[in-house]
Amino acid sequence: MSARVLVIEDDEAILKLLRRGLAYEGYQVDTAMDGQTGLSLARDNPPDLVVLDLMLPGIDGLEVCRRLRAGGPVPILILTAKESINDRIQGLDVGADDYMTKPFNLDELLARARALLRRAQPSRPQILRFADLSLDTGTRQASRGDRVIALTAKEYELLELFMRHPRQVLTRDTIFDRVWGYDFGGESNIIEVYIRYLRQKLEEKGESRLIHTVRGMGYVIREAS
């Protein structure tokens, strides 16, 4: 059965373009022009992917994204006219998986949709372990000892990357490519922001630091020296 895509967009011309393009690719497409209708559709017919505008009447896109993420792991692609790095970070913070600005190229959007759907396909869960830290790829939860740590979508992807490459220094370029899949720009501090988020969660109860900065090179997960 083809994937179901929910498009929440209040610009009728863009909505028609997306509906036509996604349907041509073989997806089942549901559409909404405001946040409340979009949330209702997502509840009644759970989508495999959501394409979400931020500037919506009524409930704004950030709040819609937050509620969708609270309801489960559905991939969310934010589509908006907002271009600043802070806007991108804010969208990712509330659970979005990818971000495109308007005007956009339809072929690129379709390619990103395919990538998000591929990543969301279930695979055999694993328990990744490093020191006293474990990461369940099925539930997407981390634990230090008996303490369970809830992660956002991007925090999980970043931590999984580290735990699949223990004691290996990962450069900023590698992290950008593997976690975000596109470049925020050389001056972006998004990696530093998410490293800080992870450290706060992993060290919340005074545990030792596991994610370390290697100056001039990148970051590494290793035992504290």
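Cut-offs applied
- Residues numbered from 1 in each chain as written.
- Predicted model: local features only at pLDDT ≥ 70, side-chain atom pairs only at ≥ 80, totals over all residues.
- Heavy atoms only, no water.
- Salt bridge = Lys/Arg side-chain N within 4 Å of Asp/Glu carboxyl O.
- Helix = DSSP H or I, 4+ residues; strand = E, 2+ residues; numbered from the N terminus.
- Buried < 20%, exposed > 50% of the residue type's maximum accessible area, 1.4 Å probe, protein only.
- 1 Å grid on protein atoms, 1.4 Å probe; cavity = no way out; pocket = protein on both sides within 12 Å on 5 of 7 lines; lining within 4 Å.
- Points joined across faces, edges and corners; volume = space filled by probe spheres on them.
- Nonpolar A, V, L, I, M, F, W, Y, C, P; charged D, E, K, R; others polar.
- Core = buried A, V, L, I, M, F, W, Y, C linked by side-chain atoms within 4.5 Å.
- Arc of directions from axis to C-beta.
- Polar contact = N/O pair within 3.5 Å; in protein donor to acceptor, adjacent residues only side chain to side chain.
- Phe/Tyr/Trp six-rings, centres within 6.5 Å; stacked < 30°, edge-to-face > 60°.
- Contact = heavy atoms within 4.5 Å.

This model, assessed by the stated rule, comprises 21 salt bridges. Salt-bridge contacts for lysine 102 lead to aspartate 53; the nearest nitrogen and oxygen are separated by 3.3 Å. Placement of lysine 102 in the loop between strand E5 (98-101) and helix H5 (106-120) and of aspartate 53 in strand E3 (residues 49-53) is noted, with a sequence separation of 49 residues between them. Per residue, the accessibility class of lysine 102 equals that of aspartate 53, and both read buried. Residue arginine 209 pairs with glutamate 203 through a salt bridge whose shortest N-O separation is 2.8 Å. Taking the relative accessible area as the measure of exposure, arginine 209 reaches 36% and is therefore partly exposed. Each of Glu9, Asp53 and Lys102 takes part in one network of salt bridges that share partners.

In this structure, the largest pocket encloses a volume near 1,000 Å³. Considering the residues around the largest pocket, the lining is formed by 34 residues, among which Pro73, Arg119, Ala120, Arg140 and Tyr156 are closest to the centre. Mapped onto the lining of the largest pocket, the elements with two or more residues apiece are H5, helix H6 (153-163) and helix H7 (172-180). A total of 5 residues in the lining of the largest pocket trace back to one element, the largest contributor, which is H6. In the lining of the largest pocket, the residues fall into 15 nonpolar, 9 polar and 10 charged.

Ranked by internal contacts, the top residues of the largest apolar core, which has 51 residues, are Leu159, Phe162, Ile175 and Trp180. Counting residues per element, this core draws most heavily on helix H8 (residues 190-202), which supplies 7 residues. Of all hydrophobic cores here, the second largest spans 19 residues; its members include Ile14, Leu22, Val51 and Leu79.

Along helix H2 (residues 35-44), the residues classified as buried are Gly35, Gly38, Leu39 and Ala42. Considered in projection along H2, the buried side chains sweep an arc of 100 degrees and stay on one side of the axis. In this structure aspartate 34 caps H2, since a side-chain oxygen of it lies 3.2 Å from the backbone nitrogen of glutamine 36.

One can find arginine 112 in helix H5. In terms of polar contacts, arginine 112 uses its side chain to reach the backbone carbonyl oxygen of tyrosine 99, at 3.0 Å.

Moving on to the environment of glycine 35. Note on placement: glycine 35 falls in helix H2. Separated by 18 residues in sequence, glycine 35 and aspartate 53 have C-alpha atoms that sit 9.2 Å apart.

What follows deals with the packing of aromatic side chains. Within a pair of aromatic rings, the relevant descriptors are the distance that separates the centres and the angle that separates the planes. The final tally for this structure, using the stated rule, is 1 aromatic pair. A centroid spacing of 5.2 Å and a plane angle of 70 degrees characterise the contact between tyrosine 194 and tyrosine 197, whose relative ring orientation is edge-to-face. Here the residue tyrosine 194 and the residue tyrosine 197 both occupy positions in helix H8, the gap between them amounting to 3 residues, near one helical turn. Judged by its relative accessible area of 0%, tyrosine 194 is buried. Taking relative accessible area as the criterion, tyrosine 197 reaches 22% and is therefore assigned partly exposed.

Our next topic: the side chain of glutamate 207. Following the sequence through the fold, glutamate 207 ends up in the loop between H8 and strand E11 (211-214). Here glutamate 207 falls in the buried class, since its relative accessible area comes to 18%. Within the local environment of glutamate 207, its side chain forms a polar contact with the side chain of arginine 147, the two groups lying 3.0 Å apart. At a separation of 3.0 Å, a polar atom in the side chain of glutamate 207 contacts the main-chain amide nitrogen of lysine 205. Those residues in contact with glutamate 207 that sit more than four places away from it in its chain are Arg144, Arg147 and Leu202.

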